[in-house]
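The primary structure of each chain is shown beneath.
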Amino acid sequence: MSRTRLACSLLLAGLFATACTSEQPPAPTVVVDRGAVSQVVSASGSLVSITQQNLGFADGGQVAELLVKVGDTVAAGQPLARLDDAAARSQIAKAQAGLDQQNATLGKVSGANTVASAQAALDSARSVLDATRSQVDATNAADESAVRRARVQLDFDRSQLERAKKQLAAAKAACASPTTPTTTAPPALLAMGGTEGSADTADPAAACQQQVATAQQAVQTAKGTVIASETALDSAEGKRSVDAASGRVSIANAEQAVSSAEQQRAGAANDAPADVAVQDAVVADARNTLADAQRALDNTVLRAPVAGTVSAINGAVGDFLSAAGGASALAPGSDARIPEAVGTATAGGAAASPAASAFITLNDLQTYQLVVPFEESDAARVTANQPVDVSVDAVPDLTLPGTVVAVAPTADQISGVVSYYATVVLNQTDPALKDGQTAQADVRTDTRENVLRVPASAVRQEGGKSVVSVPGPDGTPVTREFTPGLVGDRYTEVRSGLDEGQQVLLPQATVGATPQGARGGG
C-alpha cells in the first residue's frame, strides 16, 4: 500500500471514529488547595521622591552666581547659588559702627559723676519752678486788672446809656407839650444846646422831631457801646480763667520736675550701677544687630540643606528674586509632598505647585513613595502597615512591594469626590522609576495565609448559601455546599464542606481565565 493510500485510510478512520463518538470533552476543573486569600482596594496616584526641598533665598536680591545645573547631585552644605552681597556688607559696616558707638557710651557712663549731675538737675528744676510761679502770678495779676478795667468801663457805658434814655424821654415830652411862641425854643431843645431865636426855632414842631431823632440815635449808640463793653468783660474773665488753669498746670509740671530731680538726687549714689546695666543692654542689642547683619550676608549664599539631585532651577544670573515663601502640602505620615498630579485644584482648575515658585528644587531620588487618593468607602479599609503591590504604568512588567505608611485623617475634594490621601513607601526601587510617574496601588486590606481556598469564579450563591459544582461518580456535576471564610478578589476561603485536592468544576466562561491549581494572592 502506498503512503498516499495509507494516509487516506487513516484519515477516514479518524473521521469515522469522531463522527460515531457523541461524548462531550470533560468540563474544566480546578483543585481546592492551600494558599493566601486577600481582599484588595486599588487607586492610582503618582510616585514622589522620599523628600523634596523647595529652596530660595531668605531675602530678595539679584542672582550674581549660579553654581549648579539641573541634574547635578549635590552634598549637604554645598553652595548652590549666590546673590549680590554689596547691600549686606554695607549693613554689616553700619551695624559695626553702631556697636562701637554704644561701647563708647558704656565707657562714658561707667565713669560719670552722677551725683553732681543730679544736683545740677535739681537746682535747675527749682529755678524753673520759681520762675514759673512768678510768671503765673504776674499773668494772674494782669488778668485781674484787665477784668477790673473792663467792669469799670461797662459801668460807665451803662450810665451813659441811662443818660441818653433820659434825654430821649425829655425830648419826647417837650414835643408833646402845648405849642410855644415861635420865638421861643422848646425847653428840651434849650437843654440840648439850642438857642432862643435861632433859625431852627422858626418851626417848633420840626425842631422837636429832629431833637427826638437825635436822642434816639444817641440811645442806640450807647447800647452798642454797652454790648461791646460786656463782650470785653466776658473776654477778660475768660482769659483770666484760662490763664489761671494753665498756670496751675505749669506749676504742677514744674513741681513734678523738682520732685523727680529730688528723687534722682537722693538715689544718685545708687544710680551708677543701674545706668551701666542699661547701657550694657543697649550694647547687647547693638551686638545682636551686627549678628543679624552677618546672618543676612551669610544668606546671600544658598546652600543645600541635604544631599539630593537638582530637579528644577527657576532663575538665571542677573535675575532679581523675591524672598522665598510658600509651603508644600505633605503626604500623610511622611516628608513626601502631595504631587501636582493628585494635588488639590485651585479655583482656576490648576493644581497648586509650591515647587513652581521655588528657586531651586532638590529631590532624593534614591527612594520613592506613592501618594494615592482613596474614595471614602475604600479609605475606611486602608490602615498603616498593610502590604501593597505597586505597578507603574510606564514600566508594564514591573510590580514592586510596598507598605502603607499612613492615611490622612481628613478628606479632600478631588474632582467632586470625597477622598483620603494615603502614603505608600516602596520597599524596593528600580532604575526605571522617575518622580511623577503614574502608578497603581493594590492594597491588601485583609489576608489569610495558608488557608484552604477555592477560586472565586467557581463559587455561586443559591438560596443564600455558597455552593460549587463537583464531578459526580458518573461525571455528572453535583452541587456541593460549603462554609466560606474570607471572600477575596480571586479566591474564597473554605472553612468546611470541601477537601484539599478536591476537583471543582469551573463555569465554561472562565476557562482559560483561571488555570487549574493556580496559586497567588486573591
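Residues numbered from 1 in each chain as written. Predicted model: local features only at pLDDT ≥ 70, side-chain atom pairs only at ≥ 80, totals over all residues. Heavy atoms only, no water.

Asker: I tried to follow the overall build of the protein on my own but got confused; where do I start?
Answerer: If you tally the helices and strands in the protein, you get 8 helices and 22 strands. Counted over contacts in the protein with a minimum sequence separation of 6, partners at least 24 positions apart contribute 78%. A total accessible area of about 29,400 Å² is found for the protein, and carbon and sulfur atoms account for 53% of it. (Helix = DSSP H or I, 4+ residues; strand = E, 2+ residues; numbered from the N terminus. Contact = heavy atoms within 4.5 Å. Areas by Shrake-Rupley, 256 points an atom, 1.4 Å probe, with all protein chains shown as cover.)

Asker: What's the story with the pattern of salt bridges in this structure? I'm lost.
Answerer: Throughout the structure, instances matching the rule amount to 19 salt bridges. Residue Lys 69 pairs with Asp 72 through a salt bridge whose shortest N-O separation is 3.4 Å. Here Arg 495 and Glu 493 are joined by a salt bridge, their closest N and O atoms 3.3 Å apart. Three or more residues are tied together by salt bridges with common partners; here these are Asp 446, Arg 448, Glu 493 and Arg 495. (Salt bridge = Lys/Arg side-chain N within 4 Å of Asp/Glu carboxyl O.)

Asker: Help me understand the environment of Tyr 491 in this model?
Answerer: If you trace the backbone, Tyr 491 turns up in strand β21 (residues 491-496). Sequence separation between Tyr 491 and Ala 36 is 455 residues, and the spatial gap between their C-alpha atoms is 8.2 Å.

Asker: What am I meant to see in the sheet that holds strand β7 (residues 301-303) here?
Answerer: Note: strands within a sheet are paired through backbone hydrogen bonds, in either parallel or antiparallel orientation. Within the open sheet, the 4 strands sit side by side as β7-β6-β4-β9. Their pairing is antiparallel. Only two strands of the sheet have a single partner each, and these edge strands are β7 and β9 (320-321). Two elements, strand β6 (residues 79-83) and β7, share 3 bridges in a ladder whose sense is antiparallel. Bridge assignment links Pro 79 to a residue of β7, and that residue is Arg 303. (Pairing = 2+ DSSP bridges.)

Asker: In this structure, what is going on with the packing of aromatic side chains? I would like to understand it.
Answerer: Describing an aromatic ring pair means giving the distance of the ring centres and the angle of the ring planes. Counting across every chain of the model gives 1 aromatic pair. Measuring from ring centre to ring centre gives 5.7 Å for Phe 57 and Phe 359, while their planes differ by 35°; the resulting arrangement is tilted. You can see Phe 57 sitting in the loop between β3 (52-55) and β4 (61-66) and its partner Phe 359 sitting in the loop between α7 (354-357) and β10 (360-363), a full 302 residues away along the chain. Of the residues examined, Phe 359 reaches a relative accessible area of 5% and is grouped as buried. Here the basic side chain of Arg 453 rests over the ring of Tyr 491, its NZ or CZ set 3.9 Å away from the ring centre. (Phe/Tyr/Trp six-rings, centres within 6.5 Å; stacked < 30°, edge-to-face > 60°. Buried < 20%, exposed > 50% of the residue type's maximum accessible area, 1.4 Å probe, protein only. Lys NZ or Arg CZ within 6 Å of the ring centre and 35° of its normal.)

Asker: Mind showing me how you'd approach the confidence of the model for the protein here?
Answerer: Low pLDDT means the predicted atomic positions in that stretch should not be read closely. Mean pLDDT over the protein stands at 81; residues scoring 70 or higher make up 81%. Low confidence marks residues 180-201, where pLDDT is under 50. Its contacts with residues over four positions away, or in another chain, come to 22 contacts. Ignoring residues within four places in sequence, the model shows residues 341-352, a span with pLDDT below 50, making 18 contacts including any to other chains. (pLDDT = per-residue confidence, 0-100.)

Asker: Can you help me understand the nonpolar core in this one?
Answerer: Nonpolar side chains in soluble globular proteins tend to be buried together. Ranked by internal contacts, the top residues of the largest apolar core, which has 23 residues, are Leu 47, Leu 370, Phe 374 and Leu 433. When contributions to this core are tallied by element, the ones reaching two or more residues are β2 (33-49), β11 (368-375), β12 (387-392), β13 (395-407), β15 (417-426) and β16 (438-455). Leu 370 has contacts with Gly 45, Ser 46, Leu 47, Val 390, Ala 422, Thr 423, Val 424, Leu 426, Ala 439, Gln 440 and Ala 441, leaving out every residue within four places of it along the chain. In terms of nonpolar packing, the next biggest core, distinct from the first, is built from 16 residues, Phe 57, Val 68, Ala 81 and Leu 83 among them. (Core = buried A, V, L, I, M, F, W, Y, C linked by side-chain atoms within 4.5 Å.)

Asker: Would you explain the pairing of β6 in this entry?
Answerer: The side chains of a regular strand alternate, residue by residue, between the two faces of the sheet. Where β4 and β6 come together, 3 bridges link them in antiparallel fashion. The residue of β6 that forms the bridge with Val 63 is Leu 83.

Asker: How should the sheet that holds strand β8 (residues 308-313) be read in this particular structure?
Answerer: With antiparallel pairing, 4 strands are arranged side by side in an open sheet as β3-β10-β8-β5. On the outer flanks of this sheet lie β3 and β5 (73-74), each paired with one strand and no other. Direction of pairing for β8 relative to β10: antiparallel, over a ladder of 4 bridges. What sits directly across from Val 310, in β10, is Leu 362.

Asker: Is there a simple way to explain the side chain of Asp 143 in this structure?
Answerer: Here Asp 143 is to be found in helix α3 (residues 114-176). Asp 143 has contacts with Lys 239, Arg 240 and Asp 243, leaving out every residue within four places of it along the chain.

Asker: Please clarify how unusual backbone geometry should be interpreted in this entry.
Answerer: Glycine aside, a negative phi is what most residues show, and trans is what most peptide bonds show. One non-glycine residue, Asn 385, adopts positive backbone phi at about 75°. Note that Asn 385 resides in the loop between α8 (376-379) and β12. The phi torsion at Ser 415 lies on the positive side, around 55°, for a residue other than glycine. With respect to the secondary-structure elements, Ser 415 resides in the loop between β14 (412-414) and β15.

Asker: I would appreciate a short explanation of helix α2 (residues 86-110) in the present structure.
Answerer: Each full turn of the α-helix corresponds to 3.6 residues, which orients residues three or four apart in the same direction. The end-to-end C-alpha distance of α2, which contains 25 residues, comes to 37 Å, matching closely the 36 Å that a straight helix rising 1.5 Å per residue would cover. If you check which residues of α2 are buried, you get Ala 88, Ile 92, Ala 95, Leu 99 and Leu 106. (Expected span 1.5 Å × (residues − 1).)

Asker: What am I meant to see in the pairing of β13 here?
Answerer: Where β12 lies against β13, 6 bridges are found, and the strand directions are antiparallel. The residue of β13 that forms the bridge with Val 392 is Val 395. Of the strand pairs in this sheet, β13 and β15 are connected by 5 bridges, and their pairing is antiparallel. Paired with Gly 402 across the two strands is Leu 426, which belongs to β15.

Asker: Hey, could you run me through the environment of Arg 151 in this one?
Answerer: As for its position among the elements, Arg 151 is in helix α3. With relative accessibility at 34%, the residue Arg 151 sits in the partly exposed group. Expressed as a C-alpha distance, the spacing of Arg 151 and Glu 230, which sit 79 residues apart in the sequence, is 8.0 Å. Those residues in contact with Arg 151 that sit more than four places away from it in its chain are Leu 233 and Glu 237.

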